[in-house]
Amino acid sequence: MSQKEKQVFALSGASCAGCVRKIESALESVPGVEDAKVNLAEKTLSVVGDVDQARCIKAVEDAGYGAKPARKDPRELREEQKAEDQRHYRQLLWRCAVALGLGIPLMAWGLITGEMSVTTPNEQLAWGAVGLLTLAVMVFCGGHFYTGGWKAFRHHNANMDTLIALGTAAAWLYSMMVVLAPGLLPEAARHVYFEASAMIIGLINLGQALEVRARGKTSAAVEKLLELQDTSALVLRDGEEVDIPLEEVQPGDRMRVRPGEKVPVDGVVRVGSSLVDESMLTGEPVPVKKVEGDSVSAGTLNKNGTLIFEAQKVGAETRLSQIIEMVRNAQNSRVPIARLADQISAIFVPTVMIIAVLAALVWFNIGPDPRAAHMLVVLTSVLIIACPCALGLATPMSVMVGVGKGAEHGVLIRNGKALQQASDLDTLVVDKTGTLTEGAPKLTDMETDLDKDRLLALLASLEAGSEHPLAEAIVQAAKEKELQLSEVEDFEAITAHGVRGNIAGKQVLLGNRKLLEREGVSEGDWPSRAKALAQQGRTAMYAAVDGKAVGVIAVADPIRDDAKAAVARLQKAGLTVQMLTGDNRATAEAVARQLNIDEVHADLQPEDKEKLVSQLQDKGKKVGMAGDGINDAPALARADVGFAIGGGTDVAIETADVTLMRSSLHGVADAIELSRATLRNIKQNLFGAFIYNTLGIPIAAGILYPVTGALLSPVIAGAAMAFSSVTVVSNANRLRLFRPTQTQGE
Amino acid sequence: MDLLVNIIGLLLIAAIVWWFWLAAKGNKQQSVSADEKLEILVNDGVYEPDRIRVSAGEETVLHFRREDASPCAEWVLFPDLEVSAQLALDQITEVTIPAADAGEYPFHCQMQMYRGTLVVE
């Protein structure tokens, strides 16, 4: 592959300045290299010029080093992270096992024998040995808490590591003081807490291991999207098929996709026809027929025919890549509801430290004996039970799962703010054309005294020269029936009336009532038929041949099959649905009646739509606007949430708050249901995290002591803390079970 | 003895307030200018350096080297700038920061245990 860009290679074996010179001079001999630079710190080689990748690698290898193209493929990154998570998971379990291996026997000893005090020199020796063993366990299994806590401290920062390090270190130091200088403490307080340090470290490692597992599942949706991307493609070069890595595919390459294979990049079909399953991108379950000239998207599945298509967008430019990028960004964006949690997290740890010291002082000053031991238990328990992670994880985990789930259903949510606002909407304004209707007028009715096909052939011949959208519907209907069209003579389009012309010696008229009046043609019985059609929301036109009205034909933009059900779903969700259209009131009202729409705004100019949205907002409504993303851009931008319906054009993906990959209003209902489910999940998590901390900390501080007569064991505090964050992540994972109501009903 | 313990306790509280809040604010003057060579190390619960200075109105590329395997360190988020990046372990990940107005923009991991500030001036 040749290209005139910068190429980056990952180097192996290079470790000194000498290697740098050697590699760089080896590259100078490669034809086309304009510049080659080694970055020793990153162990990368950057090559600029029209240069062959394989020759660069060969040159580096000949110089005695290794090189491979530096990959930043998100799928590979995710795979690496998964492997790393797995390794980390095993490491955490191992650490947990070692720490609990010491902690559990020690705790059992204490519970069974009750002998955890230090009174004799022998006990001093024995507990001293246990203390050193505990220290070894703390360093081996929990060393990262201490280094993390210390580093954060040096940066005037405090985090979860700080709390764990302080809590376990306090218990260990106190116990060592009991061992080394028991005389400093009253007899009742000469109790060791080595088991607490070991158990806490063990339990927190266990909690973190479970959290690693649970967190892996939160990105399942993005993984599914990443898996849609093939790693190689069959490219046609000089009439032969060559299997090349995906990143080497260039725009303009012709590629073959066989039945059952995935489309590797975005492109246009040049040869063949086939059904393509696009459900993974659009959520639309029915495969779409693709023929010459149709575009295909990377990641979609070719079902039954072989297609040859031309690559147009590759790499990060494909629709799939853009979707993945958007989903990943949205998954990590901020949700306004989390602001309070963010503010609390920022001051949480130092505040807990202060509470711990204050609680210890209270126990020292007014608590019962042994005061020193109670002080320590309270201090350790408060430090350990407080869980900033649960608070920090509450929102991001739910957003991660919720946004990912949306992508699975063809609903792309721009960010956390859009997600939250979509859950609050009470009014949905819908553009009629292309959203509630197909967007392409069709011939719906034809009533005539003549032969229907004959009249249609005459009218289509007449309209063939017209550019009016309604004319297109008539011509299309004739084409579908494979009718022969004739030449038109003396064609005339009469503004606001209709058209007129001579076909095969007959004078043909097509237009409204005014046209017949103007031409002096009697209407006959047709006006009553025309009126009936108009009441159904159709545009009726009169046809006359040789000065006699021969029938009416009606053209309408057909209502989408699923629009009525989608409107009903939205109304059930508590939204008022309003329709916007540039059509006349009679047509608009007819459509609205059929769909059971609450309110209709007809005869609108494009700029009126935006005004209408802001008027609704001024009345205190939370307004969502659904449109095709191109003509409605200002109104979509003005609305609290703009839903762009229409298969995810680039413009829509870039501007809309929510992009619906399939052209159905059900997508809006899905998005609203999902956003509500996600927000509910976030609230549960935040509530849980707040309640956990606001109840846990006072209990650890001994508030229940007057009732229970006992303090909370630091070991229980450790267990509670370890499992609080697992609970938050697991609750977020429940969102993975979300299913829109439409699917449930099917 | 009682008095001593109480004094130590109160001094500890004062030290916490001073070190984590008052001194932390004073420390804000020290920031490191982002250039091509600057590597932001992600390890042991902190970004090093954790205050990074960039020029206003210019796109900047930050280089993060993640050495902490825990999932917390996997993502770095700049919520105000709507930028987020997945950091590869033991590798440098380039994070492109779009041109921004002067001001301070916090960045952190998903859980907000890792924290840093991007100073745009």
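The structure this text deals with has already been given above.
Residues numbered from 1 in each chain as written. Chains lettered and ligands numbered in written order. Predicted model: local features only at pLDDT ≥ 70, side-chain atom pairs only at ≥ 80, totals over all residues. Heavy atoms only, no water.

Moving on, we come to the overall build of chain A. In terms of helices and strands, chain A carries 27 helices and 28 strands. Principal-axis analysis of the C-alpha atoms places the extent of chain A at approximately 125 × 75 × 40 Å. Scored against the burial criterion, the 746 residues of chain A give a buried share of 53%. Within chain A, contacts between residues separated by at least 24 positions form 68% of all contacts whose residues are at least 6 apart in sequence. Of the accessible surface of chain A, which amounts to about 32,400 Å², a share of 54% is contributed by carbon and sulfur atoms. Between the averaged position of the 76 positive side-chain charges in chain A and that of its 89 negative side-chain charges there is a distance of 5 Å. (Helix = DSSP H or I, 4+ residues; strand = E, 2+ residues; numbered from the N terminus. Buried < 20%, exposed > 50% of the residue type's maximum accessible area, 1.4 Å probe, protein only. Contact = heavy atoms within 4.5 Å. Areas by Shrake-Rupley, 256 points an atom, 1.4 Å probe, with all protein chains shown as cover. Lys, Arg positive; Asp, Glu negative; His and termini not counted. Charge placed at Lys NZ, Arg CZ, Asp CG, Glu CD.)

With a probe scaled to a water molecule rolled over the atoms, the places where space remains empty come into view. The tally for this structure, following the rule as stated, stands at four cavities of 30 Å³ or more. If you add up the space inside the largest cavity, you get close to 190 Å³. What lines the largest cavity is a set of 19 residues, and nearest its centre among them are Ser333(A), Arg334(A), Asp342(A), Pro396(A) and Gln112(B). Only helix 10 (339–366) and helix 12 (388–408) of chain A provide two or more residues apiece to the lining of the largest cavity. The dominant element in the lining of the largest cavity, judged by the number of residues it contributes, is helix 12 of chain A, at five residues. The residue makeup of the lining of the largest cavity, split by class, is eight nonpolar, nine polar and two charged. When its volume is computed, the second largest cavity comes out at roughly 100 Å³. In this structure, the second largest cavity is lined by 13 residues; those nearest its centre are Arg215(A), Thr218(A), Ser219(A), Met400(A) and Glu74(B). (1 Å grid on protein atoms, 1.4 Å probe; cavity = no way out; pocket = protein on both sides within 12 Å on 5 of 7 lines; lining within 4 Å. Points joined across faces, edges and corners; volume = space filled by probe spheres on them. Nonpolar A, V, L, I, M, F, W, Y, C, P; charged D, E, K, R; others polar.)

The subject of this paragraph is the layout of surface pockets. There is about 1,300 Å³ of room inside the second largest pocket. Lining of the second largest pocket is provided by 39 residues; of these, Ala170(A), Met375(A), Leu379(A), Ile8(B) and Leu12(B) occupy positions nearest its centre. At the level of elements, helix 4 (121–154), helix 5 (160–180), helix 10 and helix 11 (371–385) of chain A together with helix 1 (2–26) of chain B are the ones that each hand at least two residues to the lining of the second largest pocket. The element contributing the most residues to the lining of the second largest pocket is helix 1 of chain B, with 10 residues.

Together, Phe687(A), Ile691(A), Leu695(A), Ile699(A), Ile703(A) and Leu704(A) make up an exposed nonpolar region whose accessible area comes to about 550 Å². Among the residues examined, Ile691(A) registers a relative accessible area of 34% and is labelled partly exposed. (Patch = residues over 30% accessible without salt bridge, like charges linked within 9 Å, V, L, I, M, F, W, Y side chains within 5 Å. Salt bridge = Lys/Arg side-chain N within 4 Å of Asp/Glu carboxyl O.)

Now for the sheet that holds strand 10 (residues 266–271) of chain A. Residue and element names in this part refer to chain A. Read across the open sheet, the six strands follow the order 8-7-9-15-10-13; overall the sheet is antiparallel. The strands lining the two open edges of the sheet, one partner per strand, are strand 8 (240–245) and strand 13 (295–296). Pairing geometry for strand 10 and strand 13, over two bridges, is antiparallel. Across the sheet, the residue bridging to glycine 267 is valine 296, located in strand 13. (Pairing = 2+ DSSP bridges.)

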